[in-house]
Amino acid sequence: MVNLRDKVDLLVVGSGAAGSVFAAEASAAGKQVVLLEAGPARTPDDLVSSQLWARRLKWGGAHVEEEGNHQVGHSFNAGWGIGGSTMHHYGVWPRLHKNDFQTFTEFGQGLDWPLQYDELRPYYDRIQSSIGLSGDATQERWRPPGEPYPMPPVPVFGQGRLLAEGFARLDLHTAPLPLAVNTIPYRGRPACMYDGWCDAGCPIGALGNAQTVFLAKALKSGAEIRDGAMVTRLLTSTGGQRIEGVEYHSVDGVLHRQYADVVVLAAFTVQNARLLLASANSRHPRGLANHSGLVGRYLMTHPAVSVYGMFDAETQPGLGPTGGQLMNQDGYDNKLAVDNAYGSFQWIIANAVKPNGLLGIANNRADIYGPQLKPFLQRAVNHIGVMTLVSEDIALAENRVELSSARDAFGVPLARAVHNLGKSSAALVAHAMEQGKAVMDAAGAREQWRGPQAGMHIMGGTVMGSDPSKSVTNSYGQSHDINNLYIAGPGLFPGSGAVNPTFTIHALALRAAEHLLRNWP
Amino acid sequence: MYSSPQRRRVLKALVLAYPLVSGALLLSPAQARQRKLPLTVLDAGEAADLETVIEALVPGSAEAGAVHFIDFQLARPAVDSLLMLRYLGVPQPHVDFYRSGLAALAQHSSERFGKRPSELPASSLDQLIADLIADDTPGWSGPPASFLYFVWRSDGVDVTYGTEEGMAALGTPYMAHIRPQQVW
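Residues take numbers from 1 onward in each chain, read along the sequence in its written order. A letter from A marks each chain and a number from 1 marks each ligand, given out in the order of writing. The predicted origin of the model limits local features to residues at a pLDDT of at least 70 and limits the giving and counting of side-chain atom pairs to 80 or more, whereas totals for whole chains, interfaces and linings rest on all residues. Side-chain calculation: all heavy atoms of the structure are included, whereas hydrogens and water are not.

Caption draft 1: Expanded view of unusual backbone geometry. Here the bond from Gln92 of chain B into Pro93 of chain B is cis, since omega is 0 degrees, no more than 30 degrees from zero. Only runs of H or I of at least four residues qualify as helices and only runs of E of at least two qualify as strands under DSSP, and these elements are numbered from the N terminus. Secondary-structure assignment places Pro93 of chain B in the loop between helix 3 (66-75) and helix 4 (94-113). Backbone geometry at Ala289 of chain A places phi at a positive 60 degrees, although glycine is not the residue there. Within the fold, Ala289 of chain A resides in the loop between helix 7 (269-278) and strand 9 (300-310). In this structure, Gln316 of chain A is a non-glycine residue whose phi angle is positive, near 50 degrees. Its location among the elements puts Gln316 of chain A in the loop between strand 9 and strand 10 (326-328). Using a 1.4 Å probe on the protein chains alone, a residue whose accessible area is under 20% of its type maximum counts as buried, one over 50% counts as exposed, and one in between counts as partly exposed. Relative accessible area serves as the criterion here: at 31%, Gln316 of chain A is assigned to the partly exposed category.

Here is the structure:
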């Protein structure tokens, strides 16, 4: 039995960074909006300060099979519950740079974006004002044009000061990290307390995320959020020209059909591609929005490595935002600066760390065990310093999301994410590691080591572009094939750049939502 | 919603609590172990081997109730699990991972030393762990040995140092916004 739901104006699948912006803008414009969220509802009281409890904020849906020499790490990067990945994100919000948008034209690598930085800049500025960013634009010598940050930067604690000295001794520069973290009360939300629990969720609301800003706005304007709503299929009209709605299962096992004038698919990179492919029908035998055959293609992740040092001085590593206190983007704009390598990279400096957890102190020295472990931890919790490399990936068609032969509990094929890192990208990471080692030495680290290399953030798979034969959507995320289907989120990115993507996701979503409202299909 | 001046609060969050009778009594994993509460998923042999290895990796983890913690997490719905394994791309049910890993461990120990891990003297246990780290495990049929080492060591760290008491033992403040359950 199917429960047929009344048609609404806008149906948004996914309540994270992108979906929340669409819902807020459309509901404020008077549209009837329903959001479907696969995971559970959450309140601030659910956000317990614990690296263990934080695990419930990460992906809890169907298993994603992964292959390749540099897997994207879906289970760690994807969120679960209202607010999506923003509920556990670190709030690091740098902007893409101008040449990130035209890597093929300028460097013969990857794909060009169908828009330029200057077109996105006003949306960066407006999102920055809405959500509140802290930082100091005057110190970001590498920052593209934009309005100053509305809040002063986060304070710099011991490890940040030491590492900044290390950069300076090598004639490298640091600047306050731009963060979606309140340093002063801002628009009804309090200032941060700097106790390093960002990725366990922020119950006081100092961290800007979907729940604190855009979902709150959407709810105030009358949007409805249905949690525990697992979308399993997108439905098209008989002729296949329009999307009519979706099928979803609620937690009580009931199958629903929700119809809408417009559907926004904002279920994050891997699940967006999976749903489009799994919704194939006679009119769209290769999957929806897939006339180009590129749904799932150009999957990307940022190669990331943390570098650690042990210092004689007190470093206060448990204090400050998890995302870090400072940044360095020297050399970002020359993607050909390193022989046999390609791309940009940045350092995010002085991340707050706790003893346990995947990125915690103990796991970054997995070789220490037995009687040596406790003395190491006792020393490290007061004397460790850390900085994290975020490096660029190249959009390669062979890196992809595809459907597995295995299926989930609803009979939907699982996603398989295949990602290999190219040689020139790997060479860039190797170069950056040498720089990181030099910085730690210059900062006076007694000993130093690096953590494992892993995928940070997941992008691509439904790339935007100007040519319908070479992309899935236009620059607004509107499907080239089905004009009342919008796709949102980092899956649209034709290039990764080397910056954390959440700011760009918001800016793109705001631009797209306004386009949708001006051109209601 | 976010303007409350009470910015650090104590909430009865059931972070690591081990329910003896639902809603009537909550025990920490350490208390559950101390009271010898029966395990739900792991059998006695598996539990003894797991406790032996994790204690060797993270001293103090046995008394902290690492095995009761793991057993409880394996017994609850996957979506509620607090095990770090859920970050690592291992398909559910995670009991299969632990069980097959423990079986492989027991077999390797038996073939190499003629005894189960829980029966090994300290010197042999040290060598067993060295084998895991180096993946020096001919004929191994479970999850990769070095990966098991990483996961089990992390489980031990979670239970021993991922708590208010554990962090206090390391000399660093916990600084909770919302404190985990206190019935440790």
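Past the structure itself, the notes keep going.
Caption draft 2: The pairing of strand 12 (residues 384-391) of chain A, seen in detail. Residue and element names in this part refer to chain A. Burial analysis of strand 12 places eight of its eight residues in the buried class, which makes it a mostly covered element. Taking every second residue as pointing to the same face, both faces of strand 12 are buried, with Ile384, Val386, Thr388 and Val390 on one and Gly385, Met387, Leu389 and Ser391 on the other. Alignment of strand 9 against strand 12, held across seven bridges, turns out to be antiparallel. Paired with Val305 across the bridge in strand 12 is Leu389. Paired strands, as defined in this entry, are two strands with at least two bridges between them according to DSSP.

Caption draft 3: View of the sheet that holds strand 14 (residues 413-418) of chain A. Residue and element names in this part refer to chain A. The three strands lie next to each other as 3-14-13, forming an open sheet whose pairing is mixed. This sheet does not close on itself; its edge strands, each paired only once, are strand 3 (64-67) and strand 13 (400-407). Ignoring strand direction, the axes of neighbouring strands in this sheet form an average angle of 30 degrees. Inspection of the sheet shows strand 3 paired to strand 14 by four bridges, in the parallel sense. Following the sheet pairing, Val64 is matched in strand 14 by Ala415. The angle between two axes is taken between their N-to-C directions and runs from 0 to 180 degrees, where each axis is a line fitted to C-alpha atoms and a helix contributes only its stretch in contact.

Caption draft 4: Representation of the side chain of Ser475 of chain A. By secondary structure assignment, the location of Ser475 of chain A is in the loop between strand 16 (454-459) and strand 17 (485-487). Residues within four places of Ser475 of chain A in sequence aside, it is in contact with Pro114, Met464, Gly465 and Arg511 of chain A. When checking whether two residues touch, look at their non-hydrogen atoms; a contact exists if any pair is within 4.5 Å.

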